[in-house]
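One-letter residues, chain by chain:
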2 protein chains.
Amino acid sequence: MTDPLNAHQGKSTKFDLPGSPFSVGWTRPKRVILADENNPLSLECGECLAPVTVEYETYGTLSPEKDNAIFIPHALSGDAHAAGWDADWKKDNRPWRNSKPGWWDEAIGPGKTFDTNRYFVICANILGSCYGTTGPWETNPSTGKPYALDFPVVTVDDWVRLHIRLQDYLGIDKLLAVAGGSLGGQQALAWAIRYPDRVRSLVIYSSSARLSAQGLAFNAIGRHAIFNDPHFKEGNYYDFTPPGGGLELARMLGHITYLSYHSMEGKFGRNFQNGSKPCYRLNKEFSVESYLEHQGRSFVQRFDANSYLYLSRAMDYYDATTYGNGDLSKACSVIKAKLLLIAYSSDWLYPPESTRDLAKAILANNKPVSYIEIPSSYGHDAFLLEVAQTAPFVRPFLERV
Amino acid sequence: MTDPLNAHQGKSTKFDLPGSPFSVGWTRPKRVILADENNPLSLECGECLAPVTVEYETYGTLSPEKDNAIFIPHALSGDAHAAGWDADWKKDNRPWRNSKPGWWDEAIGPGKTFDTNRYFVICANILGSCYGTTGPWETNPSTGKPYALDFPVVTVDDWVRLHIRLQDYLGIDKLLAVAGGSLGGQQALAWAIRYPDRVRSLVIYSSSARLSAQGLAFNAIGRHAIFNDPHFKEGNYYDFTPPGGGLELARMLGHITYLSYHSMEGKFGRNFQNGSKPCYRLNKEFSVESYLEHQGRSFVQRFDANSYLYLSRAMDYYDATTYGNGDLSKACSVIKAKLLLIAYSSDWLYPPESTRDLAKAILANNKPVSYIEIPSSYGHDAFLLEVAQTAPFVRPFLERV
């Protein structure tokens, strides 16, 4: 199992154990059906989907006024288990759950950035994922077999539309905040542009209005590796060996984009796997090679290749400028939420300059936005590894919403 | 066939046709056996290799004093055809040759950066390649079958040791210069460190003393894709379908590292392949995806997967610091050549800071070195695409050697 906190960058991660006053403690995921035949979910691609189940977790207590809810959308390979310790991780057939704390435990808990003494925090798994919410692994009611590639192409807007239903189900008219990193940050932006009356503020980490051409290219190669895998079988592999080689390669590549040139240099450099001299062989020579292979193999144990195709494609498609016919300022004109944008200096997947472009587009509408660039060598993953550092900015921001 | 000038970045490339006064005109590759059973080539890995054939080309005229020779080592996927037009490209079974000018034609020719009116320019294919010099595709005399993975692991130093034999064969005691980019630049450095009395100057483009951890990681993933290809068969695919899918993926990935964030943004952005609206599908949607696939497929037509494994591994292994027991300054202390180092601002495979590190190590020995950083958006490929811009620096440098 990989560490959901991505402690892979060699940073020592402080764990708040379940009994700690800083931990939300033991958690249990919930599941709810939010679309059925009578009320299917309309998707951006034109199709309708039903039934749709959503897996989610909550931490803290919803106020009687229901005005203290913060929604935390997760990134590409995340799940609903954002904080605390999964009480049932051994019980169900849930290979992605493990004995480690949630993926943003460093940010969510009593006294933390998203303080569960004050706020009711919700995290829900996204549509198309393999972590409890409906996805390509689920049975297609019209065939009795897994959807596989018959699953519709989903988008960030679709995720938000579904999670609006979750808020309705929870009785929350307006969120205090949506806060997320990477693809989670793009979901936050989508909330404010598509449902401006449903959210009062956004905290966006390591994200921007759209992925770069370079980012599209990396995602395309990852999917290409999955498509090329002889076990892929057009996605109909659920009764057979899954396309692990392709998914492993996609993850290895993705992983490089989550780190930075200097963090890799610092952690691995050109160290050999064994000893100080080269063995003159074509593989398994440098530490960084075996590390990446380990990361890739671990990911295959916990993720579904079809989900990877769908979620990376949703990441590709998201482009906030389309709501302004190519003009990001125009797209942002409908936003009513206050914004706090946080970039990390060494992020090259969503580089600070792309986050600044978003800040400028919001400013152009004379709307309130703060932009903070945090010096970090951890690259894109800094939003997972150096989130505690943002508490001094995020906590007062949330207090003033 | 891909364009050997890598005009893929959308730069309009000026071709000097064979009859032009600026072209070296029609060329023909030469081949010579430089190692045999009685005089095998000793390799860094400890093995010996024989026979070894080298393919090379020459342009211009060797002076009676044999003091005007410039050797041009090529990079990962290059060949001996550095300038002019291959007269025999249709005649032989040489799938890598084509009707286009040599890969550095913009730099080599009458009146160009490497002026063939003054200099005798030599380019030779490297050991392990599939372009005429002995490599894994060639028959192993001890088995009668292609070497495949029985080919020894070769290194940059091995290439130089072999090309020293070529200079001996040509009767050249001391080169006026070794000039190359990327892996070619590392060969140049190896000439000066290992054979300080055989070269009077170096012109190094887009290169440094060693590849970064990030660069090692990208190469590892490319090889991983080849190893994973079901057609790979442990390298013994020469009588069957080659592992094109894996090689294609390796090239797609490598290609991203040759471009830059901003050049990809400028050339492709988020353009769709067809029309202005998304088709909601998992592949073939964005221009950059189909472009990369085209690049990958073209490469498969002209390159051998086993060669890719060997050459990318040689790129990994090169580390000039090893000759100073980890101290680059110490490694550079033996250099007698004058150096001109050229970096391009947007190169992230061998970033300018790594080239500057090399310059500092040479300076620390009070040896003559010039460093030039050229503003460019073309990334690593700038040494191919923006080499003409270096003439004002390189020509006077060579005149003063």
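Residues numbered from 1 in each chain as written. Chains lettered and ligands numbered in written order. Predicted model: local features only at pLDDT ≥ 70, side-chain atom pairs only at ≥ 80, totals over all residues.

1. Thoughts on the overall build of chain A
A count of helices and strands for chain A gives eleven helices and 14 strands. For 401 residues, the compact-globule formula gives about 21 Å, and the C-alpha radius of gyration of chain A, at 20 Å, lands near that figure. Summarising its shape, the C-alpha atoms of chain A cover approximately 65 × 50 × 50 Å along the three principal directions. Sorting the 401 residues of chain A into buried and exposed places 57% on the buried side. Contacts in chain A between residues at least 24 apart in sequence constitute 72% of all its contacts with a sequence separation of at least 6. (Helix = DSSP H or I, 4+ residues; strand = E, 2+ residues; numbered from the N terminus. Rg over C-alpha atoms; globule rule 2.2 N^0.38 Å. Buried ≥ 20, exposed ≤ 12 C-beta atoms within 10 Å, placed from the backbone. Contact = placed C-beta atoms within 7 Å.)

2. Side note on the relation of the copies chain B and chain A
Superposition of chain B onto chain A requires a rotation of 180° combined with a translation of 0.0 Å along the rotation axis, giving an RMSD of 0.0 Å. The relationship between the two copies is best expressed as a two-fold rotation axis. A share of 100% of interface residues in chain B that are also interface residues in chain A marks the association as one of identical surfaces. (Least-squares fit on C-alpha atoms with pLDDT ≥ 70 in both.)

3. Things to note about the interface of chain B and chain A
Counting from both sides, the interface comprises 42 residues of chain B and, opposite them, 42 residues of chain A. Elements with a contribution of two residues or more to the side of chain B that touches chain A: α3 (213-228), α4 (244-258), α5 (261-267), α6 (287-302) and α7 (305-317) of chain B. Looking at which element gives the most residues to the side of chain B that touches chain A, the answer is α3(B), with twelve residues. Split by residue class, the side of chain B that touches chain A holds 26 nonpolar, seven polar and nine charged. (Nonpolar A, V, L, I, M, F, W, Y, C, P; charged D, E, K, R; others polar.)

4. Description of the sheet that holds strand β5 (residues 52-59) of chain B
Residues and elements named next belong to chain B. An order of β2-β5-β10-β6-β11-β12-β13-β14 is seen for the eight strands of this open sheet, with the pairing classed as mixed. Every interior strand has two partners, whereas the edge strands, β2 (30-35) and β14 (369-374), have only one. Across the sheet, the axes of successive neighbouring strands diverge by a mean angle of 20°, strand direction being ignored. As judged from the four bridges shared by β5 and strand β10 (residues 120-124), these two strands associate in the antiparallel manner. Paired with Tyr59 across the two strands is Val121, which belongs to β10. Where helix α2 (residues 183-194) meets the sheet, its contacts fall on β11 (177-181) and β12 (201-205), and the angle it forms with β11 comes to roughly 150°. (Pairing = 2+ DSSP bridges. Axes fitted to C-alpha atoms, helices over the stretch in contact; angles between N-to-C directions.)

5. A closer look at helix α1 (residues 156-170) of chain B
What sets the pattern is the α-helix's 3.6 residues per turn: residues three or four places apart point alike. End to end, α1(B) covers 21 Å across 15 residues, agreeing with the expected 21 Å (1.5 Å per residue, within 8%). One or two positions beyond α1(B), positive phi appears at B:Gly171, with a value near 80°. (Expected span 1.5 Å × (residues − 1).)

6. So, the packing of helix α4 (residues 244-258) of chain A against α3(B)
At a minimum axis distance of 10 Å, the contact between α4(A) and α3(B) shows a crossing angle of 170°. Between α4(A) and α3(B), the angle falls in the class roughly antiparallel. Where α4(A) abuts α3(B), its residues A:Gly245, A:Leu249, A:Met252, A:Leu253 and A:Ile256 lie against B:Gln214, B:Ala217, B:Phe218, B:Ile221, B:His224, B:Ala225 and B:Asn228. (Parallel < 35°, antiparallel > 145°, perpendicular 65-115°, else oblique.)

7. Side note on the environment of A:Glu285
Residue and element names in this part refer to chain A. When you line up the elements, Glu285 lands in the loop between α5 (261-267) and α6 (287-302). When the 21 C-beta atoms within 10 Å are taken as the criterion, Glu285 is described as buried. With sequence-adjacent residues up to four places away left out, Glu285 is seen in contact with Phe272, Gln273, Pro278 and Cys279.

8. Focus on unusual backbone geometry
All names here are of chain A. Cis geometry marks the peptide bond from Ala50 to Pro51, where omega comes out at -5°. At Lys233, a position not held by glycine, the phi torsion is positive, near 50°. Inspection of the secondary structure assignment puts Lys233 in the loop between α3 (213-228) and α4.

9. Points about α2(B)
Residue and element names in this part refer to chain B. Here α2 is twelve residues long and its end C-alpha atoms lie 16 Å apart, about the 16 Å a rise of 1.5 Å per residue gives. Of all twelve residues in α2, eleven are buried; the element is thus mostly enclosed. Every buried residue of α2 is listed here: Leu183, Gly184, Gly185, Gln186, Gln187, Ala188, Leu189, Ala190, Trp191, Ala192 and Ile193. Each element contacted by the buried residues of α2 is listed here: α1, β11, β12, α7 and α8 (328-332).

10. So, the pairing of strand β13 (residues 338-344) of chain A
Residues and elements named next belong to chain A. The buried count for β13 comes to seven of seven residues, which makes it a mostly enclosed element. The alternating pattern of β13 places Lys338, Leu340, Ile342 and Tyr344 and Leu339, Leu341 and Ala343 on opposite faces, both of which are buried. In terms of strand pairing, strand β12 (residues 201-205) meets β13 through five bridges, oriented parallel. Along β13, the bridge assignment pairs Val203 with Leu340. Judged from the six bridges that link them, β13 and strand β14 (residues 369-374) form a sheet pairing that is parallel. Note that in β14 the partner of Tyr344 across the bridge is Ile374. Crossover connection from β13 via helix α9 (residues 352-363) to parallel β14: handedness right-handed. (Right-handed = clockwise from strand over helix to strand, strands pointing away.)

11. A short note on the pairing of strand β10 (residues 120-124) of chain A
Burial of β10(A) is extensive: five of the five residues sit out of reach of the surface. Where burial is concerned, the two faces of β10(A) agree: the one with A:Phe120, A:Ile122 and A:Ala124 and the one with A:Val121 and A:Cys123 are both buried.

12. A short note on the packing of α4(A) against α6(A)
All names here are of chain A. One way to put it is that α4 packs onto α6 with a least axis distance of 8 Å and a crossing angle of 125°. Regarding the angle of α4 to α6, the classification is oblique. The crossing of α4 and α6 is right-handed. Counting all contacts with α4, which are made through Gly244, Leu247, Glu248, Leu249, Arg251, Met252 and His255, the residues of α6 involved are Leu292, Glu293, Gln295, Gly296, Arg297, Phe299 and Val300. In terms of residue class, the contact of α4 with α6 is made up of six nonpolar, four polar and four charged. (Left-handed = near helix turned anticlockwise from the far one by under 90°.)

13. Brief notes about the sheet that holds β10(A)
Residue and element names in this part refer to chain A. Here eight strands make up an open sheet; going across it, the order is β2-β5-β10-β6-β11-β12-β13-β14 and the pairing mixed. Each of the sheet's edge strands pairs with one partner strand only, and the pair in question is β2 (30-35) and β14. Within this sheet the neighbouring strands show an average axis-to-axis angle of 20°, counted without direction. Where strand β6 (residues 69-71) lies against β10, three bridges are found, and the strand directions are parallel. Directly across from Ala69, in β10, lies its bridge partner Phe120. Packed on one face of the sheet, helix α2 (residues 183-194) meets β11 (177-181) and β12 and runs near 150° to β11. α9 rests against β13 and β14 of the sheet, and its axis sits at about 165° to β14.

14. What about the environment of B:Asn228?
Note on placement: B:Asn228 falls in helix α3. Spatially, the C-alpha atoms of B:Asn228 and B:Asp316 are 20 Å apart, while their sequence positions differ by 88 residues. Excluding residues within four positions of it along the chain, B:Asn228 makes contact with A:Gly245, A:Leu249 and B:Gly246.

15. Description of the environment of B:Val199
All names here are of chain B. Looking at where Val199 falls in the secondary structure, it is placed in the loop between α2 and β12. Take Val199: there are 27 C-beta atoms within 10 Å of it, and that puts it in the buried class. Spatially, the C-alpha atoms of Val199 and Asp173 are 8.6 Å apart, while their sequence positions differ by 26 residues.

16. Focus on the confidence of the model for chain A
Where the model shows low pLDDT, its predicted coordinates should not be examined in detail. Residues and elements named next belong to chain A. On average, residues of chain A score 95 in pLDDT, and 96% of them are at 70 or above. Within chain A, β6 carries the highest mean pLDDT (99), whereas strand β7 (residues 85-86) carries the lowest (93). Reported for the predicted complex are a pTM of 0.96 and an ipTM of 0.95. (pLDDT = per-residue confidence, 0-100.)

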